[in-house]
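Fold and contact review
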Amino acid sequence: MPFRHQTNPPTPWDQDLEAPQIHDSDYVHPRATLIGDVRLEANVLIAPGTSIRADEGSPFHIGANTNVQDGVVIHGLEEGRVTGDDGELYSVWIGRNTCITHMSLIHGPAYVGDDCFVGFRSTVFNAKLGDGCIVMMHALIQDVEIPPGKYIPSGAVITTPQAAERLPDANDSDRHFSEHVVQVNQDLLAGYHCAEDAACLTAMGSRSRSGNGSQPPSGLNGPVLTQIRAQLAQGNHLGLEYADRRRYRANSWKVGPSFENQAEYELINSIQAYLRQHSGDYVRLLGIEPREKKRLFELVIQRPN
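Anyway, here's the lowdown on the structure attached to this text. (Residues numbered from 1 in each chain as written. Predicted model: local features only at pLDDT ≥ 70, side-chain atom pairs only at ≥ 80, totals over all residues. Heavy atoms only, no water.)

1. Examining the nonpolar core
Counting 37 residues, the largest nonpolar core has Ile46, Ile74, Leu129, Ile146 and Ile152 as the members making the most contacts within it. Listing elements by their share of this core, those giving two or more residues are strand 4 (38-40), strand 6 (51-54), strand 7 (60-62), strand 12 (92-94), strand 14 (105-112), strand 16 (123-129) and helix 1 (161-165). With residues up to four places along the chain from it excluded, the contact list for Ile74 reads Ser51, Ile52, Arg53, Phe60, Ile62, Val68, Val92, Ile94 and Ile106. Listed in part, the 18 residues of the second largest apolar core include Ala190, Leu240, Leu267 and Phe297. (Core = buried A, V, L, I, M, F, W, Y, C linked by side-chain atoms within 4.5 Å. Buried < 20%, exposed > 50% of the residue type's maximum accessible area, 1.4 Å probe, protein only. Helix = DSSP H or I, 4+ residues; strand = E, 2+ residues; numbered from the N terminus. Contact = heavy atoms within 4.5 Å.)

2. Looking at the side chain of His29
You can see His29 is positioned in the loop between strand 2 (27-28) and strand 3 (33-36). A polar contact of 2.9 Å, which involves the side chain of His29, links it to the backbone nitrogen of Arg31. The residues contacting His29, other than those within four sequence positions of it, are His5, Ile46, Ala47 and Pro48. (Polar contact = N/O pair within 3.5 Å; in protein donor to acceptor, adjacent residues only side chain to side chain.)

3. A short note on the sheet that holds strand 15 (residues 117-118)
Taken in spatial order, the seven strands of this open sheet run 2-5-8-13-15-17-20, and their pairing is parallel. Strands with a single pairing partner mark the edges of an open sheet, and in this sheet they are strand 2 and strand 20 (151-152). For strand 2 and strand 5 (residues 45-46), the ladder comprises two bridges, and the chain directions are parallel. Across the sheet, Tyr27 pairs through a bridge with Leu45, a residue of strand 5. (Pairing = 2+ DSSP bridges.)

4. Describing the state of the cysteines
As enumerated under the stated definition, the model contains zero disulfides in all. The structure places no disulfide on Cys99, whose sulfur is separated from the nearest cysteine sulfur, that of Cys116, by 9.6 Å. Summary of cysteine pairing: Cys116 is not part of a disulfide, and the nearest cysteine sulfur, belonging to Cys133, is at 5.1 Å. Note on Cys116: relative accessible area 0%, which makes it buried. (Disulfide = S-S within 2.5 Å.)

5. Here we look at the sheet that holds strand 22 (residues 237-243)
Strand order in the open sheet formed by four strands is 23-22-24-25, and the pairing between neighbours is antiparallel. Since the sheet does not close on itself, it has two edges, and those belong to strand 23 (254-259) and strand 25 (294-302), each with one partner. Ignoring which end each strand starts from, the neighbouring axes of this sheet average 25° apart. Most of the contacts of helix 2 (residues 172-195) go to strand 25, to which it runs at about 65°, and overall it touches strand 24 (282-289) and strand 25. Packing of helix 6 (residues 264-277) onto the sheet brings it into contact with strand 22, strand 23, strand 24 and strand 25, and relative to strand 23 it is tilted by some 160°. (Axes fitted to C-alpha atoms, helices over the stretch in contact; angles between N-to-C directions.)

6. A closer look at the environment of Asn8
With respect to the secondary-structure elements, Asn8 resides in the loop between strand 1 (5-6) and strand 2. Taking the C-alpha atoms as reference points, Asn8 and Ala54, separated by 46 residues in sequence, lie 6.8 Å from one another. Excluding residues that lie within four positions of it along the chain, Asn8 makes contacts with Asp14, Leu17, Glu18, Ile35, Gly36, Ala54 and Asp55.

7. Notes on the pairing of strand 24
Along strand 24, eight of the eight residues are buried, which leaves the element largely enclosed by surrounding structure. Side chains of strand 24 alternate between two faces, with Tyr282, Arg284, Leu286 and Ile288 and Val283, Leu285, Gly287 and Glu289 buried alike. In terms of strand pairing, strand 22 meets strand 24 through seven bridges, oriented antiparallel. Looking at strand 24, one finds that Tyr242 is bridged to Val283. Of the strand pairs in this sheet, strand 24 and strand 25 are connected by seven bridges, and their pairing is antiparallel. Pairing of Glu289 across the sheet is with Lys294, part of strand 25. Hairpin connection between strand 24 and strand 25: a loop of four residues separates the two successive antiparallel strands, and Lys293 in this loop has a positive phi of roughly 55°.

Below you can see the structure in the form of structure tokens.
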């Protein structure tokens, strides 16, 4: 295990020496620090300079498709826990499809729900953010529960239930911006995996030499295949969506096929055929939890030339 991904030190309150749990599809930058019982779901991006330190309060959970950006600090008090979506107790729970942006501080006990955005240098401490909350820059959220779908403006100090009740709802443009940031970071995650994959880099070099520009190759390169196999290993179904340039800018995708109970080689052939059929469109791959039909994963796998 790399030095920066290490077990927690033994303390009077924790003798278990637990190490971070990192999924094969995640990307954790070598200059990020993970210590102790930190549990990452699939397709998480941890950027350089982050410190995720479960040596006092623990465990920590970070949900699928979430990005933790440069300089973020995640820590927790030895006492105090929140209940995660799985019913277990955590010092810090961060949900799926969430953006924890540059220089933010999430200090447990803290709960951040699915589809949230926490802006630059904002702080969440001893607090709960419901699903779909948008927190802008330099905000403080402390000792309070924020209902789902609220908008916290830049510089706000929210420390009482009364202040939380006065918050407006997030609007569509706020939600679309948060979704866009999630997608950009999923593309970055795929790019980082590609940079570590000789076959992917070779394919990119061949594309560049053929005169098609310097964009990464569309289709089923190494990182995309890794994501497909990760979803299948978790028992998830896969689906596709497509969009022309106008719909892509508006984040308005059209539903494509879904794939269930197919052998891997059949699935890959089907996806490749669909990419050829929609060669002039953006195509997005989806991972879908089969029982609740909940979308767990999104990745743009084709962009028009």
